[in-house]
Every structure is written in C-alpha cells, then in structure tokens.
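# An overview of the molecular structure
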Amino acid sequence: MKETLRIIGVLTSVCLVCAFLLALVYSRAAEKIEVNQNQRLKTAIANLAPGAEKVEEVSLGDSTIFKLSDKKQKLIGYAFLAQGQGYQDKIAILAVIDVSFGKLSGIEILESSETPGLGGKIQETDFLKQFKQLPVNNGLECVKTEAQADGQIKAITGATVSSRAVVDTINKKLVVLKSEIKNLK
Amino acid sequence: MNNRDNFLKGLWSEHPVFRQLLGMCPTLAVTTSAKNGLYMGMAVIFVLTFSSLVVSLIKKIVPNQVRIAVYTVIIATFVTVVDIFFKAYIPDMSRQLGPYLPLIIVNCIILGRCEAFASKNNLKKSTIDALGMSAGFTWGLFVLGSIRELFGSGMILGFTILGKNYNPLIVMILPAGAFIVLGLLVAGMNRLEQK
C-alpha cells in the first residue's frame, strides 16, 4: 500500500510540475506564434494572388474571408482558410478563388503533419499545381486515376487519405461559403 | 572515468548513431541538408542535457516500477518546450523539421541515456555524458547532412560548392541515399577503429 501511494505520488508530482512548466513556456510564446502564423498567411496570399495590393478581412456567417483588391481598388478575388482532419493531424489550407466563386486560383498548405514521403507530398508542387485555375462549380473530386473531368484531382500514390482530406476540406468549406455568399457586399 | 573521457566517448568511441546505432530514424529523415541536421542536433542537445539532469536529480525518489513512465513525461516536456521555442522564434526550421521535432520524444538516444546512465550516476557525470552524446549526435547529423546536400544539390548550408555543370545525384536527397551514406560512414568508422 505504501509502495502504491509512493508511485501515485511521484507520478502525479512529476506530471504537475511538467504541466506547470509547459503552461508557462506556452503562455510566453503564444503571442509570437500567432504573429508568425499571420505572417505565413500574408506570404501565402501574396504567392497565390500576386496582384493583390489590399487584403481585407471580412466575416461571412461564422467564417472569415479575405477580400483581395488590386491597386485600382478593384475586387480581384477572395482568399479563405479551410481546416480538416488529415491522416495524422489537422491540415490547414489557404485557398484563393475568383470573384464569382467559380474557379480556384490555387491553394497552399499552411499546416500539415502527414507522413513524410507519402502524405507529406500534399505540400509539393506536383500535387498543388492541380489546384491552379481549377473550376469548382460542381465541387471537387479526388480520384486515383488520371484526372479526366473538370474539378477532378489525382490522389498521390500511397497517400489517398491525405489527398482526399485536402479535397474534402476544400469542398466542405466551399459549401459553407457559397451558402453565405449572398450576404457578401 | 574522468570527466574528459566521459565527454569524449559520446563524440567517437561510443557514438550514439555510428557506434550504438541509436536514433537512426531522425538521422536518416532530417539530414536532407546540413542545416536541418544541425538544428535537429541542437534540439537534441537541449532535450538530452536537461532530461539527463532532471532524471539524475530525482533518481533516488522515483520508484522502479514507474521509472520509464516518469522519464518519458520529463523528456516529452522538454521536447515540447523546444517545439514551442522553434515555432515561435525559428518557424522556418520548425516547418522544415516538421513532425521530426516532436518525434525526438521517442528517439532512443534520449531514453537510452536516461535509463542507462543518468538514472545510475551523479548529476555532474550525467550532464557531461549527455553533452558528449548529444554533441556526437550533432556532428554526425551535420556530416551526414552535408554529404547528402553536397552530392544531392551541389550545396552545403545553402552555399553552392559544385558549379552549374554538376548534375545532382537526386538519390542522395531520398531515403535510399540516406541509408547508403550512413552505411558508408559506419563502415568508415569501423575501419578507423580497427587500425
């Protein structure tokens, strides 16, 4: 009994001290991490929409969307974030879409912890280039063979779950955004 | 064993990767460039040193049955601290190393040294052992990363060494190249030890 109490006591104490240390470190760094994430977002938008001089954050229902305008103040498109469960952990995507919500300009993967060498390939140009100038009127579909119809994305060999996760995440977000689109302007 | 030998053994005679063949997973995975290897090494220096320090400090009060659980919690905490630090102050490297930074928790070198040395030796010896082992790990990763980066892309640390006419051996950046270079380095070390 004494032995068991000692075991419980030591384990609990160690965990408590560790939890305290982690909370301390995290609270100090949380602000800096958020700044970094915003910077990453800005860079991603600049990469996908080079003509965007002004990026304006607006809320659309429960979501946030970014209005992109060129230097003549003309609306050139929108950027939106989408997040979903991948194979390992959550995948965060930034997508840029045209003004009519009909064609994706492209996407960038902001966060992913997929299997390196397999699911991790969703971050590579070969997979991402499929999303450039992609029509989304009928939603996106992830296929294992070559993409034949509009809106089809070829999955990465050996990484079907990760590839599908990217496509599903974007689809779900598009459905949500399209339902609120009348509230824009 | 005096302090000097205690430290030096981690750098050569008991090298964690090339002699003990521990921590192979991150060694193979992150050494696609010298910089990645270097930063992974520095993260391990921090984790191994502080974990060994703490384990050595509390070795007398930890009951035998839960020692592995306790060491793992301690190691996981320090790894998370490093992960948070990288995310906040070196986000590019955090993205480069990806999941391999949190995976330091299951790097056999850390738990191995805690169990084999820190739990059985005093604070000073444990710290010196940790510093030596992690320094050895770092130079090993740096060399492996440099070789792979040099032959795989003509550069080291981003500086172009082999000119435009060099046709890069892409296999060096891939896992196969990692295994090949690692094998050659282990063989090389064995040969040097034999003489």
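What counts, and at which threshold
Residues numbered from 1 in each chain as written. Chains lettered and ligands numbered in written order. Predicted model: local features only at pLDDT ≥ 70, side-chain atom pairs only at ≥ 80, totals over all residues. Helix = DSSP H or I, 4+ residues; strand = E, 2+ residues; numbered from the N terminus. Rg over C-alpha atoms; globule rule 2.2 N^0.38 Å. Buried ≥ 20, exposed ≤ 12 C-beta atoms within 10 Å, placed from the backbone. Contact = placed C-beta atoms within 7 Å. Core = buried A, V, L, I, M, F, W, Y, C linked by C-beta atoms within 7 Å. Expected span 1.5 Å × (residues − 1). Domains from an automatic or database assignment.

Here we take up the overall build of chain A. Across its full length, chain A carries three helices and eight strands. Order of helices (α) and strands (β) in chain A, N terminus to C terminus: α-β-β-β-β-β-α-β-β-β-α. Compactness check: chain A gives a C-alpha radius of gyration of 21 Å against a globular reference of 16 Å for 185 residues, more than 25% above the reference. By its C-alpha atoms, chain A is 70 × 40 × 30 Å across when sized along the principal axes. For chain A, the residues scored as buried account for 26% of the 185 residues in total. Counting only contacts in chain A whose residues sit at least 6 apart along the sequence, the fraction spanning at least 24 positions is 48%.

Moving on, we come to the nonpolar core. Residues and elements named next belong to chain B. In terms of nonpolar packing, the biggest core is built from 42 residues, with Ala43, Val47, Ile74 and Val82 touching the most fellow members. Of all the secondary-structure elements, those providing two or more residues to this core are α3 (34-58), α4 (67-89), α6 (108-118), α7 (123-153) and α8 (175-194). Sort the elements by how many residues they give to this core and α3 lands first, with 10 residues. Not counting residues up to four positions away in its chain, the partners in contact with Val47 are Ile75, Phe78, Val79, Val82, Ile104 and Ile110.

With that settled, the discussion passes to α7 of chain B. Along an α-helix, a turn takes 3.6 residues, which lines up residues three or four apart on a common side. For α7 of chain B, with 31 residues, the first-to-last C-alpha span of 43 Å sits near the 45 Å given by 1.5 Å per residue. Immediately beyond the C-terminal end of α7 of chain B, within one or two residues, lies Gly154 of chain B, with a positive phi of roughly 80°.

Each domain of chain A was delimited in the assignment, giving domain 1 (1-43) and domain 2 (77-183). One C-alpha centre belongs to domain 1 of chain A, the other to domain 2 of chain A, and the line joining them spans 33 Å.

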